Amino acid sequence: MNKKGFLYRIFDLYYDGFRNMHLGKTLWAIILIKLFIIFVILKIFFFPNFLKQHADGDEAGFVATELTERAQ
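Worth saying up front: this structure is predicted, and the values here are computed from it rather than measured.

(A) Region of interest: the overall build of the protein. When helices and strands are counted, the protein shows 4 helices and 0 strands. In terms of C-alpha radius of gyration, the protein reaches 23 Å, well past the compact-globule figure of 11 Å for 72 residues. With the C-alpha coordinates aligned to their principal axes, the bounding extent of the protein is approximately 60 × 30 × 25 Å. Burial status across the protein gives 7% buried among its 72 residues. As presented, the protein carries roughly 6,900 Å² of accessible surface, and 68% of it is formed by carbon and sulfur atoms. For the protein, the centre of its 9 positive side-chain charges and the centre of its 7 negative side-chain charges are spaced 22 Å apart.

This is the structure in structure tokens:
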């Protein structure tokens, strides 16, 4: 990779920063664990696929019907 290139300088900045971090690695681990919990665990247990359960294969028709009925 060209050492004077813009992308190389950006990569080198982040690589050097993460390599010298001590507390930051722990904080990034906590952030990644929290994101995993938010997007995977909560999605599975608390946010079921409502459209798939109620549309019976015609999702677009179901949404259109719900929008027109609720607007009236």
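(B) The arrangement of the packing of aromatic side chains in detail. Considering all chains together, one arrives at 4 aromatic pairs under this definition. Ring geometry for Tyr-14 and Phe-18: centres 6.5 Å apart, planes at 25°, overall stacked. In this pair, Tyr-14 and Phe-18 both sit in helix H1 (residues 6–19), 4 residues apart, roughly one turn of the helix. Their ring planes at 55° and their centres at 6.5 Å tell us that Phe-50 and Phe-62 sit as a pair that is tilted. Of this pair, Phe-50 sits in helix H3 (residues 50–55) while Phe-62 sits in helix H4 (residues 59–71), and the two are 12 residues apart along the sequence.

(C) How the structure looks around the pattern of salt bridges. Applying the stated rule across the entire model yields 2 salt bridges. Between Arg-19 and Asp-16 there is a salt bridge whose closest N-O contact spans 2.6 Å. Remark: Asp-16 and Arg-19 occur in helix H1; sequence separation between them is 3 residues, near one turn of the helix. A salt bridge links Glu-66 to Arg-70; its shortest N-O distance comes to 3.3 Å. Taken together, the positions of Glu-66 and Arg-70, both in helix H4 and 4 residues apart, correspond to about one turn of that helix. On the basis of relative accessible area, Arg-70 is assigned to the exposed category, the value being 68%.

(D) Up close: unusual backbone geometry. Located in the positive-phi region is Asp-56, a residue other than glycine, with phi close to 55°. Within the secondary structure, Asp-56 sits in the loop between H3 and H4.

Parameters at a glance
- Counting restarts for each chain, with residues numbered from 1 along the sequence as it is written.
- With pLDDT at 70 or above as the cut-off, local features in this predicted model cover only qualifying residues; side-chain atom pairs require 80 or more to be listed or tallied, and sums for whole chains, interfaces and linings still use all residues.
- Excluding hydrogens and water, the side-chain values take into account all heavy atoms of the structure.
- We count a stretch as a helix when DSSP gives it H or I for four or more residues in a row; a strand needs E for two or more, and each element gets its number in order from the N terminus.
- Restricting the calculation to C-alpha atoms gives the radius of gyration, and the globule rule supplies 2.2 Å times the number of residues raised to the power 0.38.
- Three exposure classes are used, based on accessible area relative to the maximum for each residue type with a 1.4 Å probe and protein chains only: buried under 20%, partly exposed in between, and exposed over 50%.
- In short, Shrake-Rupley with a 1.4 Å probe defines the accessible areas, and a residue's cover is counted only from the protein chains shown.
- Positive charges come from Lys and Arg alone, negative charges from Asp and Glu alone, with His and the N- and C-terminal ends not counted.
- A charged residue contributes its charge at one atom only: NZ of Lys, CZ of Arg, CG of Asp or CD of Glu.
- Aromatic pairing here means that ring centres of Phe, Tyr or Trp (its six-membered ring) are within 6.5 Å. Orientation follows from the plane angle: under 30 degrees is stacked, over 60 is edge-to-face, and everything else is tilted.
- By definition, a salt bridge exists where a carboxyl oxygen of Asp or Glu is found within 4 Å of a side-chain nitrogen of Lys or Arg.

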